[in-house]
Amino acid sequence: MLKIREAVIVEGRYDKLKLSNILDTLIIETQGFGIFKNREKLAFIKKLADERGVIILTDSDHSGFQIRNYVSKTLPDGTYKHIYIPDIYGKEKRKSAPSKEGKLGVEGMSEKLLTELFEKAQVSVTASDNPDPVTTYDLYELGLSGGVNSKEKRKALYKELSLPEFLSTSSLLSYINSTMTRDEFFNLL
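Residues numbered from 1 in each chain as written. Predicted model: local features only at pLDDT ≥ 70, side-chain atom pairs only at ≥ 80, totals over all residues. Heavy atoms only, no water.

Trainee: Sorry if this is basic, but what is going on with helix 1 (residues 13-20) here?
Mentor: Note on helix geometry: an α-helix contains 3.6 residues per turn, so any two residues three or four positions apart are oriented the same way. Within helix 1, burial applies to Asp15, Lys18 and Leu19. The arc that holds the buried residues of helix 1, viewed along the axis, is 95°, so those residues lie on one side. For helix 1, the exposed residues set more than 90 degrees away from the buried face come down to Arg13 and Leu17. Considering only its buried residues, helix 1 is in contact with strand 2 (7-10), strand 3 (23-24), strand 4 (27-29) and helix 4 (111-120). (Buried < 20%, exposed > 50% of the residue type's maximum accessible area, 1.4 Å probe, protein only. Helix = DSSP H or I, 4+ residues; strand = E, 2+ residues; numbered from the N terminus. Arc of directions from axis to C-beta. Contact = heavy atoms within 4.5 Å.)

Spelled out as structure tokens, the structure:
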């Protein structure tokens, strides 16, 4: 698994699932063209770009390039990188027919090819793991998950950290563990 500093921006959940098998980093979905109307998510992507950099990885079809261009135009130069997948024709396994343009998307690429693309992009590989990361159990013990009023407590935490409320628990943990130490997190509460 490739542990990188930059967050990765993809179009959808199947792209995210594919990349989560090869990358140890925060992966954010644009939900396709949903990013055009979601100011909160776009602000979060800008924040990530400023704090750690982002990598934009969308499909190589027309829609993918529209999303890529929209996101990159909102970010300051030097805070993002592009990774482009090659034009490979076919259909993804989960689909009954190929896409309109007949090209495979990120989800249809082999893990080997995706790993090579990230290695060629000169991403910021993290040398060592956080020796004492915040865990899902910690969130549970703090009442941020699986308990009465957990949702409200997470919303307050998101606000404190200037994060959007759409984050999943795993994305929250990835963000916390990549931006602060365990002690810093507990002192924040």
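Trainee: Help me understand the pairing of strand 2 in this model?
Mentor: Side-chain positions along a regular strand alternate between the two faces of the sheet. Side chains Ala7 and Ile9 of strand 2 all project onto a buried face; the interleaved residues Val8 and Val10 project onto the opposite face, where all are buried too. Of the pairings in the sheet, the one linking strand 2 to strand 5 (residues 54-56) comprises three bridges and is parallel in character. Its bridge partner lying in strand 5, Val8 is registered against Ile55. Two strands pair when backbone bridges link them, and strand 2 and strand 4 are joined in this way by three bridges, in the parallel orientation. When the sheet's bridge partners are listed, Val10 is paired in strand 4 with Glu29. (Pairing = 2+ DSSP bridges.)

Trainee: What is the right way to look at the nonpolar core in this model?
Mentor: Where a protein is soluble and globular, its nonpolar side chains tend to be buried together. With 29 residues, the main nonpolar core has Ile28, Leu48, Leu163, Leu172 and Phe185 as its most contacted residues. Among the secondary structure elements, those contributing two or more residues to this core are strand 2, helix 2 (39-51), strand 5, helix 3 (62-73), helix 6 (150-160) and helix 7 (169-179). Top element by residues in this core is helix 2. It accounts for five residues. Apart from the residues within four sequence positions on either side, Phe185 is in contact with Val134, Leu139, Leu142, Leu144, Leu157, Ile176 and Met180. Counting 19 residues, the second-largest nonpolar core is a separate cluster that includes Ile4, Val8, Ile22 and Ile27. (Core = buried A, V, L, I, M, F, W, Y, C linked by side-chain atoms within 4.5 Å.)

Trainee: How do you make sense of the side chain of Glu29 when you look at a structure like this?
Mentor: Here Glu29 lies in strand 4. The buried charged residue Glu29 lacks any salt bridge, with Lys16 as its nearest oppositely charged partner at 4.1 Å. Of the polar contacts made by the side chain of Glu29, one reaches the backbone nitrogen of Arg13; its length is 3.3 Å. Once you skip the residues sitting within four places of it in the chain, Glu29 turns out to touch Val10, Glu11, Gly12, Arg13, Lys16 and Lys41. (Lys, Arg positive; Asp, Glu negative; His and termini not counted. Salt bridge = Lys/Arg side-chain N within 4 Å of Asp/Glu carboxyl O. Polar contact = N/O pair within 3.5 Å; in protein donor to acceptor, adjacent residues only side chain to side chain.)

Trainee: Quick question: what am I supposed to make of the sheet that holds strand 5 here?
Mentor: Pairing between the strands of a sheet is mediated by backbone hydrogen bonds and can be parallel or antiparallel. The four strands lie next to each other as 4-2-5-6, forming an open sheet whose pairing is parallel. Each edge of the open sheet carries a strand with a single partner, namely strand 4 and strand 6 (80-82). The mean angle between the axes of side-by-side strands here comes to 25°, regardless of whether they run parallel or antiparallel. Looking at chain direction, strand 5 and strand 6 are connected through three bridges and run parallel. By the bridge assignment, Ile55 is partnered in strand 6 with Lys81. The strands touched by helix 1 within the sheet are strand 2 and strand 4, with strand 4 carrying the most contacts at an inclination of about 170°. (Axes fitted to C-alpha atoms, helices over the stretch in contact; angles between N-to-C directions.)

Trainee: Explanation requested: the packing of aromatic side chains in the structure shown.
Mentor: Evaluated as defined, the whole model comprises six aromatic pairs. Centroid distance Phe44 to Tyr175: 6.3 Å. Interplanar angle 55°. Geometry classified as tilted. Placement of the pair is Phe44 in helix 2 and Tyr175 in helix 7, with a sequence separation of 131 residues. Taking 5.6 Å as the distance between ring centres and 80° as the angle between the ring planes, the aromatic pair formed by Phe185 and Phe186 counts as edge-to-face. Accessibility expressed as a relative area gives 30% for Phe186, which makes it partly exposed. (Phe/Tyr/Trp six-rings, centres within 6.5 Å; stacked < 30°, edge-to-face > 60°.)

Trainee: What am I meant to see in unusual backbone geometry here?
Mentor: Negative phi values dominate among residues other than glycine, just as trans dominates among peptide bonds. In this structure, Gln122 is a non-glycine residue whose phi angle is positive, near 55°. Mapping Gln122 onto the fold places it in the loop between helix 4 and helix 5 (136-141).

Functional significance is not addressed by these values, which are geometric in nature.
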